[in-house]
Amino acid sequence: MTAATAREARPARDRSRLFRLAVRIMWVEVRHSAFVWAIPLLAVLFIYDPLRTASGYPALWTLRASVVLNKFWPVCVPFATAFAAWAGSRESRRDVADLLGSTARPAWTRQLCSLAGTLAWVLATFAASVVVLYVRIAQAVTWGGPPIWPVVAGVVALTAICALAFTLGALFPGRFTAPIVAVGISMLVLAAFSRAVSQGGVSVAALSPDGIVPANDQGVFYPVAPDVSVVQVMFFAGCALGAIGLLGLSPRTGGAGWRGPLDLASAGGARLRSAAAAVFAVGIALAVAGFGLAATARASSVTGGIEVPALHDPASDRPIRYTPVCADASGGLQVCVHPAFRGYLSQTVNSLGPVIAELSGLPGAPVRAVEIPGTALPSIVQQVNGDGAVTGSPPLFEFTMDAITLVPDAAQFRDGFRQDIVHAVIVGPVGRMTAGGAFQPATGTPAQQAVEDGLLKAIGSQPYPVCGPYALQCAQQPQVAAAAARFAALPAATRHAWLAANLAALKAGRITLAQTP
Amino acid sequence: MADRIELTSITRSFGGNRAVDGVSLKAGPGVLGLLGPNGAGKTSLLRMLATVLPPSSGQIRLLGRDPKNTAQRREIRRRLGYLPQNLGYYPAFTVVEFVEYFALLKEVPPARVKQAVTAAVERVDLGAKAKAKLRTLSGGMLRRVGIAQATVNDPDLLLLDEPTAGLDPEQRVGFRALLRDLGQAATVVVSTHLVEDVGAACSQVALMDAGQIVFRGTPAQLESHGEGHDVGDAPLERGYSAVLQAARSAPRNNGGVAA
């Protein structure tokens, strides 16, 4: 072997040397990524919105961690796309195409190193923010662990939009490419997905990392199935591979492309172009498969989450074992909540105590209050997004913690529970579904309304300005309000005695407003 | 030693304009000066030699390899240094980073990169500016950075397009010495308008006009063509003008050489 041929053959065999070179090129790109300039602004935005929003949510892992995708991911998208497109258009903007084209490193791998330089900072910023958020959540929650799948989905989705933006920047280089690509992709991703989510569908919406705020007890009674995250990862990984493959196929980066074969300008040659074509094909197949699977997504009636039948593991529908946390309220009522809501137990006890004291011993008055999953509430209560219902014998007040979902307003939380119980004892169920599928609220008779409102006023709750919960169209009559005020003004013992004597008749509708004390 | 550049009837057209018109050329180690007026086709020829522009027709062999073959082209590029006429650069890179970047892209063995970069930067006398950002450098210094990146891989084939543009006289003198030094082992092709550079540094000269090589010989031979010619201040300039005038007045033979 001559010296020349030995020199030629050695690099081809020495793949590890080429890999080390690629890593060093990547390190050069990382050191010079312009994305670094965006990090302080992203940090400020992260603290201003996602971190503050999470702190305002109840201290639950799934709920607070949802800001990673619902709040922070959308913030990252415009920055990531702008800087990726800027990096992608760099070679043409800087007029170094000839200089770089004469080097041995294939254009595709050189461009991928450049993409990696931007992507490394984007993902590092995202990961660092998630770590900060998760540490804050861990300090506040009482149960459970950090959800990982949303983070994985966020990382893959950011990778995809960066790859797409970089490829667009490389294909259409120019001074205005970056802002145009940033605005275009942000509009496409955020607006299209937001629209799909807001329309309530679970098909395209399932692909959106930016989704709805989960229910309070999501991931508490049942594990959160990774189905949606897996579909998102598939779809975005497909988009990323498609964009990367397209980059390798484009004539600007050295492949045979739309403007005819530029074989001589390509350092990579047929083998790299074949690899790029394969990557592109696999990417498109993955994205299409992800889209197709998302179209089959449906809401689970058991767990309350979204499941994809082809990916769904029935084992994930098994409830998570837990030991409830209980405390006694005044009136002998035992209140039990899931340990994830341990921090809300005393608030719940304080909410239910006074109303149980008013109703204790009366027929239908609950002897125990237990937190259950929202999906286990009676369907009529679910229909009206209710928080609880009195069921069974001996009566049991089953409730969810949805009242503390977004507005941790103690009065709303307290009054909602109290009215649920009082209405159940005085009037009965909250309503019924008609044959046509419409909700018909059980507003009660004027006497029932007066006693219900009087009781609530007596224990310091503000009755809803309607006739019972969820009866939004009911206009309360002045005489009902007057009777309620009279009833509330009675001594507690008198109210209780009257109720003990008349509750059956009142509930049956045989007592008129004039007969109320 | 075998010819490192072998061009056979190379043409290159851009639309209806034939920038390089049937050029045949062979060159071994040494410094070849490529002279010619604006639009003569020098840059197009150099871009084809740099494997960034495919010829419309004809055959190219560089360093004994065919650049149409992917593996051979990659090997050519490992052993190639190229300074384009318009040197693009990344303003945020320092001198060392920029040269290192190209060393890595040229697949210089990782263990040798640091040493090669230092040597290349010192070679163009930019050691004191090694850590300076490119955006802070003057045009002449940027040109020297371009030369450093072109030579960082100790190329067997070095292509320099207007390398002395922007250099001050002292730097040009130093650069000519560098060219002579590099030409000891490598084949160096220097495209320039400055005939004094050719006289001082080149062992061979080729003169292009209208896409063709109209003269090929030594600088002394080019000078001899200028005897009795009254256009130009220096002997080489007179030779240059005389050859061009003769070429333009004579009927063209495809890729023909006057000497």
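Just so you know, these numbers come straight off a predicted model, no measurement behind them.

Participant: Which parts of the structure should I look at to understand the interface of chain B and chain A?
Facilitator: Interface size is commonly expressed as the accessible surface area that is lost when the partners come together. Between chain B and chain A, the contact holds 33 residues from the first and 30 residues from the second. Of all the elements in the fold, those that place two or more residues in the side of chain B that touches chain A are α2 (70–78), β5 (80–83) and α3 (95–105) of chain B. Considering each element in turn, the side of chain B that touches chain A owes the most residues, seven residues, to α2 of chain B. Looking at the side of chain B that touches chain A, its residues break down into 18 nonpolar, four polar and eleven charged.

Participant: I tried to follow the domain arrangement of chain A on my own but got confused; where do I start?
Facilitator: Residues and elements named next belong to chain A. By the assigned domains, chain A splits into domain 1 (19–317) and domain 2 (325–515). Domain 1 puts 17 residues into the contact, and the matching count from domain 2 is 15 residues. Residues of the side of domain 1 that touches domain 2, tallied by class, amount to ten nonpolar, six polar and one charged.

Participant: What is the right way to read the sheet that holds strand β3 (residues 30–35) of chain B from this model?
Facilitator: The strands that make up a sheet pair up through hydrogen bonds in the backbone, lying either parallel or antiparallel. All names here are of chain B. Pairing is mixed in the open sheet, where six strands are placed in the order β5-β6-β7-β3-β8-β9. With one partner strand each, in any of the chains shown, β5 and β9 (212–217) form the two edges of the open sheet. Strand-to-strand twist across the sheet, computed as the mean angle between neighbouring axes with direction ignored, equals 15°. With five bridges connecting them, strand β8 (residues 204–209) and β9 associate as antiparallel partners. Each bridged residue has a counterpart across the sheet, and for Met208 the counterpart in β9 is Ile213. Across the face of the sheet, helix α5 (residues 139–151) comes into contact with β5 and β6 (157–161) while running at roughly 165° to β5.

Participant: Even after reading the chapter, I still don't get the pairing of strand β7 (residues 187–192) of chain B, so can you show me in this structure?
Facilitator: Residue and element names in this part refer to chain B. Here β7 lies mainly inside the structure; six of its six residues are buried. Burial of the side chains of β7 extends over both faces: Thr187, Val189 and Ser191 are buried on one face and Val188, Val190 and Thr192 on the other. Both β3 and β7 contribute to a ladder of six bridges, which runs parallel. Each bridged residue has a counterpart across the sheet, and for Leu35 the counterpart in β7 is Thr192. When β6 meets β7, the two strands line up parallel, connected through five bridges. Each residue of the ladder has a partner; that of Asp161, found in β7, is Ser191. Following the chain from β6 across helix α6 (residues 169–182) to the adjacent parallel β7, one finds a crossover that is right-handed.

Participant: What exactly am I supposed to notice about α5 of chain B here?
Facilitator: Three or four residues apart is the spacing at which side chains of an α-helix point the same way, because the helix has 3.6 residues per turn. Residue and element names in this part refer to chain B. Here α5 is 13 residues long and its end C-alpha atoms lie 19 Å apart, about the 18 Å a rise of 1.5 Å per residue gives. The element α5 is largely enclosed, with a buried count of ten among its 13 residues. Residues of α5 that are buried: Met141, Arg143, Arg144, Val145, Gly146, Ile147, Ala148, Gln149, Ala150 and Thr151. Considering only its buried residues, α5 is in contact with β5, α3, α4 (110–123), β6 and α6.

Rules behind the numbers
Residues numbered from 1 in each chain as written. Chains lettered and ligands numbered in written order. Predicted model: local features only at pLDDT ≥ 70, side-chain atom pairs only at ≥ 80, totals over all residues. Contact = placed C-beta atoms within 7 Å. Helix = DSSP H or I, 4+ residues; strand = E, 2+ residues; numbered from the N terminus. Nonpolar A, V, L, I, M, F, W, Y, C, P; charged D, E, K, R; others polar. Domains from an automatic or database assignment. Pairing = 2+ DSSP bridges. Axes fitted to C-alpha atoms, helices over the stretch in contact; angles between N-to-C directions. Buried ≥ 20, exposed ≤ 12 C-beta atoms within 10 Å, placed from the backbone. Right-handed = clockwise from strand over helix to strand, strands pointing away. Expected span 1.5 Å × (residues − 1).

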